[in-house]
Amino acid sequence: FNTFSQKNMQPGYIVTASGDSLSGNVNYLNWTINPREILFAGPDGSEKVYTVAEISRLGIIGKDYYTKAIVTRSTRPIEIPILTRESVEILIADTVLLRNLSTGALNLFELRDFKVHYYLQTNEGPITELNYEVVIGENDRDLSEKNLFRGQLNAAVFNLTGEFPSKQQLERTSYKEKDLVRFIDQVNVKRGGSPAMVKQGRPKLVKFYGGAGVAYNNISIESVSKDDINKLDLKPGITPGFQAGIEIMTSRSRQKVFLRFEMAYYGMSTSGNASVPESATERPRNITYELSMHNISPSFELYYKPVSTAKIDWYLGAGYLHNFSSYAKNTMVTERLDYGGTLVRDPYVNFETNWGQWIAKTGVMFNKKFDMSICYPLDGTFNRFFGYGAKVKNPRLQVNYRF
């Protein structure tokens, strides 16, 4: 079903079935399934929903282009768990909007429903589906691919040029958009053409980003017996930091899911002091403790976008962050008041120099460029000594720019 709850009006055009060309704005939703209805706004702002039957061609300037065609499509599944040994080939004739992938002497199109279909056209000839099958073995586990489309590509190139493509060129072409576009573009360029302009409009699947932030360091010590640190009320600290990373979209059909690999530097600090009065079990003393850490932290993070529009994206996810730590300060000073003297322990305890944290993160992107997020640790500690229960809560506020 098509919904228009989140509008993303982009400059575009529609060529109607009767041949009229209309310029205006198209509600572009970066469709994961080829659209059957299009919300279109004319120059005067009036809106109308056009169906496939009413459209001949559709263009979102610089992003995507579609051509209407009557095609046959295979309904045989190619993915587990819907693929079984009993799955059969059924061909259905349908009128659809095909996404243009490459144009020239050879034209390549894409159709997505519950799976991806690719179609090939030579010059103005018929549009034919490129055949690809996955077969389950006798034990219901082994899968084998039937790359029948390679034979179709082989025949199409020979009929067009009088020469067969190389065996190596065919074998390194998988049933994927990137491989098929590369193959078709090579043929078209050899024929004196150029790679299709729609190539410029494909979403970038890799982005780099960098920025700065602050961390709120709240460290508490629990389950410590007969030790001065247990008597301290450690004060939270705020430390600056910065990060940079790479963001990877898994595919066009999963633009709402993305991965991040990040490298960050953040400090962590806390301090506390206490006065212990004289008692039957305690000697009078003043206690002061300071902890200051430097952390280099690579992380792996997986996210999903519940909301994705042209101006605002809201994402949430989780990941794993590993800290490589050095300690600028780790000092406990005990001033004895009954007979004088000061005891300095530096380092107080040899804490871990590498330790991990599971994290949750949520953030908002503005205009696909500026990114603000909050990272919250779920678990992890820099102390594994028996009897010391160091709980680390160091949420971070991060601001990034996406290049």
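Up top you'll find the structure we're talking about.
So, a few notes on the structure that sits alongside this text. Every value quoted in this text rests on a predicted model; they were computed, and no experiment measured them. (Residues numbered from 1 in each chain as written. Predicted model: local features only at pLDDT ≥ 70, side-chain atom pairs only at ≥ 80, totals over all residues. Heavy atoms only, no water.)

## A short note on the pattern of salt bridges
Evaluation of the coordinates by the stated rule reveals 22 salt bridges. Residue Glu110 pairs with Arg99 through a salt bridge whose shortest N-O separation is 3.1 Å. Highlighted residues: Glu110 in strand β8 (residues 106-112) and Arg99 in strand β7 (residues 91-102), separated in sequence by 11 residues. Salt bridges here are not isolated pairs; linked through shared partners, they connect Asp64, Arg99, Glu110, Arg112 and Glu177. (Salt bridge = Lys/Arg side-chain N within 4 Å of Asp/Glu carboxyl O. Helix = DSSP H or I, 4+ residues; strand = E, 2+ residues; numbered from the N terminus.)

## Here's the deal with helix α3 (residues 177-190)
With 14 residues, α3 should reach 20 Å at 1.5 Å per residue; the first-to-last C-alpha distance of 20 Å fits that figure. The elements touched by buried residues of α3 are β7, β8, β9 (116-122), α1 (149-161) and α2 (167-171). (Expected span 1.5 Å × (residues − 1). Contact = heavy atoms within 4.5 Å.)

## Brief notes about empty space enclosed by the protein
Within this structure, the stated rule accounts for 1 cavity of 30 Å³ or more. Considered as a void within the structure, the largest cavity measures approximately 30 Å³ in volume. Elements with a contribution of two residues or more to the lining of the largest cavity: β19 (354-366) and β20 (370-379). Grouping the amino acids of the lining of the largest cavity by side-chain chemistry returns 4 nonpolar, 2 polar and 1 charged. (1 Å grid on protein atoms, 1.4 Å probe; cavity = no way out; pocket = protein on both sides within 12 Å on 5 of 7 lines; lining within 4 Å. Points joined across faces, edges and corners; volume = space filled by probe spheres on them. Nonpolar A, V, L, I, M, F, W, Y, C, P; charged D, E, K, R; others polar.)

## Topic: the sheet that holds strand β3 (residues 37-41)
Spatially, 10 strands are ordered β4-β3-β2-β1-β5-β6-β7-β8-β9-β10 in an open sheet, and the strand pairing comes out antiparallel. Since the sheet does not close on itself, it has two edges, and those belong to β4 (47-51) and β10 (127-129), each with one partner. Pairs of neighbouring strands in the sheet enclose a mean axial angle of 40°, with direction left out of account. Here strand β5 (residues 55-60) pairs with strand β6 (residues 64-74) via 4 bridges, running antiparallel. The residue bridging Ile60 from the neighbouring strand is Asp64, located in β6. Across the sheet, α1 touches β8, β9 and β10, and the angle it forms with β9 is around 15°. Docked against the sheet, α3 engages β7, β8 and β9, running at close to 165° with respect to β8. (Pairing = 2+ DSSP bridges. Axes fitted to C-alpha atoms, helices over the stretch in contact; angles between N-to-C directions.)

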